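Observations on the model geometry
Single-letter residue listing:
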Amino acid sequence: MKKLITVLFLSAVLPTVQGQAKKPTKEETIQFIQKTVSNAGRDLEFQINDTKVSWKNIEPSIGLNYNREFTNVRFEKLLEVYQSSLSSGENSNVRIKFSVNTIKYHLTGTFYDEIKDLTIDDKDGFTIVVPREKVQSIIKAFDRLKEITIEENKDPFQN
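Definitions and limits used
Residues numbered from 1 in each chain as written. Predicted model: local features only at pLDDT ≥ 70, side-chain atom pairs only at ≥ 80, totals over all residues. Heavy atoms only, no water. Helix = DSSP H or I, 4+ residues; strand = E, 2+ residues; numbered from the N terminus. Buried < 20%, exposed > 50% of the residue type's maximum accessible area, 1.4 Å probe, protein only. Contact = heavy atoms within 4.5 Å. Areas by Shrake-Rupley, 256 points an atom, 1.4 Å probe, with all protein chains shown as cover. Pairing = 2+ DSSP bridges. Axes fitted to C-alpha atoms, helices over the stretch in contact; angles between N-to-C directions. Left-handed = near helix turned anticlockwise from the far one by under 90°. Nonpolar A, V, L, I, M, F, W, Y, C, P; charged D, E, K, R; others polar. Phe/Tyr/Trp six-rings, centres within 6.5 Å; stacked < 30°, edge-to-face > 60°. Core = buried A, V, L, I, M, F, W, Y, C linked by side-chain atoms within 4.5 Å. Polar contact = N/O pair within 3.5 Å; in protein donor to acceptor, adjacent residues only side chain to side chain. pLDDT = per-residue confidence, 0-100.

Okay, the overall build of the protein next. Summing up its helical and strand segments, the protein has three helices and eight strands in all. Overall, the protein shows an N-to-C arrangement of helices and strands of α-α-β-β-β-β-β-β-β-β-α. Here the protein, with 159 residues, has 32% of them falling under the buried criterion. Counting only contacts in the protein whose residues sit at least 6 apart along the sequence, the fraction spanning at least 24 positions is 55%. Carbon and sulfur atoms make up 52% of the accessible area of the protein, which amounts to about 10400 Å² in all.

Counted residue by residue, strand 5 (residues 91-98) has seven buried out of eight residues, so it is predominantly covered. The pairing of strand 5 with strand 8 (residues 125-131) spans seven bridges and is classified as antiparallel. Following the sheet pairing, Ser92 is matched in strand 8 by Val130.

This paragraph deals with the packing of helix 2 (residues 26-38) against helix 3 (residues 135-152). Two numbers describe a pair of packed helices, the interaxial angle and the distance between the axes. Remark: helix 2 packs on helix 3, axes separated minimally by 10 Å, with the N-to-C direction vectors making an angle of 150°. The two elements helix 2 and helix 3 meet at a crossing, and its hand is left-handed. Contacts between helix 2 and helix 3 involve Lys26, Thr29, Ile30, Phe32, Ile33 and Thr36 on the former and, on the latter, Ser137, Ile138, Ala141, Phe142, Arg144, Leu145, Ile148, Thr149 and Glu152. Of the residues belonging to the contact of helix 2 with helix 3, the class tally is eight nonpolar, four polar and three charged.

In total, this model carries eight aromatic pairs according to the counting rule given. One aromatic cluster is present, built from ring pairs that chain together Phe46, Trp55, Phe70, Phe75, Phe98, Tyr105, Phe126 and Phe142.

Glancing now at unusual backbone geometry. Here Asn72, not a glycine, exhibits a phi torsion of approximately 65°, which is positive. Mapped onto the elements, Asn72 comes out in the loop between strand 3 (64-71) and strand 4 (78-88). Classification of Asn72 by relative accessible area gives partly exposed; the value is 36%.

For the rest of this paragraph, the subject is the nonpolar core. If you look at the biggest cluster of nonpolar residues, it comprises 30 residues, and the most contacted ones within it are Ile33, Ile48, Val53, Trp55, Ile96, Ile128 and Phe142. When residues in this core are grouped by element, the largest group, six residues, is from helix 3. With residues near it in sequence (within four places) discarded, Phe142 still touches Ile33, Ile48, Phe75, Leu78, Val81, Ile96 and Ile128.

Next up on the list: the side chain of Arg95. By secondary structure assignment, the location of Arg95 is in strand 5. Separated by 2.9 Å, the side chains of Arg95 and Asp124 make a polar contact.

So, about the confidence of the model for the protein. Looking at the protein, the pLDDT average stands at 81 and 76% of residues meet or exceed 70. Mean pLDDT values over the elements of the protein span from 57, in helix 1 (residues 2-21), up to 95, in helix 3.

Structure (structure tokens):
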């Protein structure tokens, strides 16, 4: 009888323990980052993929309508993700910094009725705005994205 109870207990508990150990996939991680940044209470379209981060911000009441695009982003070279000292209201700024300065930054749009088109090379990162209660989750999500891309780019023939 004890064996039967033990077997039933283990069969009920083991799937639960195994399910908790599952890490988010790359797609789930990217989806979480996009949703969290887009929900920071601003009119924002945020996109992220393997080598590009971009967002479109529209605030017609103050004359802002711009697109920011960071290309040549290499998440396997992520150096650190941290909450920066600048914050506004319910949101916090999170800095994503890389160990290599290969990011290209392109900004286009209208800023207070002045049209700008600017490209800067050799950037080491970018800053995003997230809800204050999601800062630690975003930091963990970017760390997970780094972990995934390192694994994807691993040389299968190296020891």
